Amino acid sequence: MAVPKRKMSRSNTRARRSQWKAAAVALVSCPQCRSPKRPHVACPTCGTYNRRQVTEPSA
């Protein structure tokens, strides 16, 4: 197992960690009600998935 020979400086550590970002949630518009929803998930507003009613609408 590799072990570092020298201590990594703060600037190098922070520069490496600057790339650790959370990705924004991808949203698409629902084909039925046009509200934003996550892809490949039933619409929380109208309850449709793949143009079929799969759940009861929440609101």
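Above this text you will find the structure in question.
Parameters at a glance
Residues numbered from 1 in each chain as written. Predicted model: local features only at pLDDT ≥ 70, side-chain atom pairs only at ≥ 80, totals over all residues. Heavy atoms only, no water. Helix = DSSP H or I, 4+ residues; strand = E, 2+ residues; numbered from the N terminus. Contact = heavy atoms within 4.5 Å. Disulfide = S-S within 2.5 Å. Buried < 20%, exposed > 50% of the residue type's maximum accessible area, 1.4 Å probe, protein only.

Moving on, we come to the environment of Pro-44. On the secondary structure map, Pro-44 appears in the loop between strand S2 (36-37) and strand S3 (48-49). Sequence separation between Pro-44 and Ser-58 is 14 residues; the distance between their C-alpha atoms is 6.4 Å. Look past the residues within four positions of Pro-44 in its chain and what remains in contact with it is Lys-37 and Ser-58.

Summed over all chains, the structure comprises zero disulfides. Summary of cysteine pairing: Cys-43 is not part of a disulfide, and the nearest cysteine sulfur, belonging to Cys-46, is at 3.6 Å. With no disulfide partner, Cys-46 has as its closest neighbouring cysteine sulfur the one in Cys-30, 3.6 Å distant. By relative accessible area, Cys-46 is classed as buried at 15%.

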